[in-house]
Amino acid sequence: MPRPYRSPRLAKLLTKVREKELAVGSMPPDMNLLKTRHEYSLHKKRKAKDAINIDRALDFLAAKNAELVQVWKQDCWSFLTGKDADGRPLIWTKDEGDEMNPFKPFPAYPYLRVVLEKGLFGEHKVVLLDKCRQMMMSTLSCLALYWLCLFHEGRKGFISKTKEEQGSMLINDKIRGVHTRTPMWLQRDFPISRTPQNKIVFPGTESEVYAVTENAAVGEFRGNTVSVAVIDEAAF
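It should be emphasised that the depicted structure is a prediction, and the values quoted were computed from it without experimental measurement.

> Can you walk me through the sheet that holds strand β3 (residues 156-161) in this structure?
In sheet architecture, strand pairing relies on hydrogen bonds along the backbone and comes in two forms, parallel and antiparallel. In space, the four strands of this open sheet follow the order β4-β5-β3-β6, with mixed pairing throughout. For this open sheet the edge positions go to β4 (199-202) and β6 (228-231), each flanked by a neighbour on one side alone. Adjacent strand axes in the sheet meet at a mean angle of 15°, parallel and antiparallel pairs treated alike. Strand direction decides the pairing type here: β3 and strand β5 (residues 207-213), joined by six bridges, are parallel. Following the sheet pairing, K156 is matched in β5 by E208. Its contacts with the sheet place helix α6 (residues 164-180) against β3, β4 and β5, and it is angled at close to 145° to β5.

Laid out in structure tokens, this is it:
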């Protein structure tokens with residue numbers, strides 16, 4: 001069958017059309033532009049909807065965090081054993097003896113709660129703890145002071161060992177180190193100072209924790225110029 005006759009002008013025009021189809025697809029150029037505008041409009045709507053959903057999620061988390069803070073402010077044990085909105089434990093301690101898993105959630109041992117509520121925050125002004133090693137008494141005492149200064153205004157605490165350098169190591173390990181492992185939103189809303197090594201300032205409550213020698217802690221405590229004094233290994 002003979003091929004239909006096509007003028008050179010028509011053949012040239014068809015070639016241009018095919019080139020445009022290869023460039024923009026099978027749809028004519030003007031229709032392709034309309035499709036692009038429609039997709040862009042849908043993209044903008046989806047983006048705006050996503051932004052609204054993100055804002056709602058952030059508002060929900062902010063409200064949830066505020067509820068958790070109110071609970072933690074009222075009770076130290078709830079703070080030490082609390083969990084973030086995602087279920088992650090709030091307080092993580094460090095176990096130097098465990099090489100594989102040194103960071104662990106604060107253990108909710110019943111005896112720790114008794115010591116905290118009946119002893120450290122009980123009716124007695126002076127509490128002496130006769131204990132063996134690895135019972136977490138130093139950790140518990142430092143964390144109780146951490147909670148007190150984090151949520152209560154104008155508190156002043158002393159943590160002491162035989163030497164001030166040892167006391168500095170204690171507050172940096174048991175308080176400053178613990179704070180860095182709390183959720184980022186808690187660190188943002190309740191910041192603490194990073195320096196100096198022998199002092200921690202809580203800007204939100206204007207409370208302070210000092211590392212001092214044993215004699216200094218006893219003298220300040222007797223003079224009623226300190227809210228809480230933790231004397232570690234006082235018998236030595």
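> Even after reading the chapter, I still don't get the packing of aromatic side chains, so can you show me in this structure?
The way to describe two aromatic rings as a pair is by their centre distance and the angle between their planes. This structure, assessed with the given rule, holds nine aromatic pairs. Ring geometry for W72 against W185: centres 6.2 Å apart, planes inclined by 20°, an arrangement best described as stacked. Within this pair, whereas W72 is found in helix α2 (residues 29-74), its partner W185 is found in helix α7 (residues 184-189), the two being separated by 113 residues in sequence. On the basis of relative accessibility, which here comes to 2%, the residue W72 falls in the buried class. Judged by relative accessible area, W185 falls into the buried class, the value being 11%.

> Quick question: what am I supposed to make of the pattern of salt bridges here?
Taken as a whole and assessed by the stated rule, the structure comprises six salt bridges. Where R188 meets D189, a salt bridge forms, and the shortest distance between an N and an O atom there is 3.1 Å. Salt bridges sharing partners connect three or more residues here, namely K94, D173 and K174.

> Quick question: what am I supposed to make of the packing of helix α5 (residues 137-151) against α6 here?
Between α5 and α6, the least distance of the axes is 10 Å, while the angle of their chain directions is 55°. The orientation of α5 relative to α6 falls into the category oblique. Where α5 crosses over α6, the handedness of that crossing is right-handed. Along the contact surface, α5 presents T139, C142, L143, Y146 and L150, while α6 presents L170, K174, I175, V178 and H179. Looking at the contact of α5 with α6 residue by residue, the class counts come to seven nonpolar, two polar and one charged.

Cut-offs applied
Residues numbered from 1 in each chain as written. Predicted model: local features only at pLDDT ≥ 70, side-chain atom pairs only at ≥ 80, totals over all residues. Heavy atoms only, no water. Pairing = 2+ DSSP bridges. Helix = DSSP H or I, 4+ residues; strand = E, 2+ residues; numbered from the N terminus. Axes fitted to C-alpha atoms, helices over the stretch in contact; angles between N-to-C directions. Contact = heavy atoms within 4.5 Å. Phe/Tyr/Trp six-rings, centres within 6.5 Å; stacked < 30°, edge-to-face > 60°. Buried < 20%, exposed > 50% of the residue type's maximum accessible area, 1.4 Å probe, protein only. Salt bridge = Lys/Arg side-chain N within 4 Å of Asp/Glu carboxyl O. Parallel < 35°, antiparallel > 145°, perpendicular 65-115°, else oblique. Left-handed = near helix turned anticlockwise from the far one by under 90°. Nonpolar A, V, L, I, M, F, W, Y, C, P; charged D, E, K, R; others polar.

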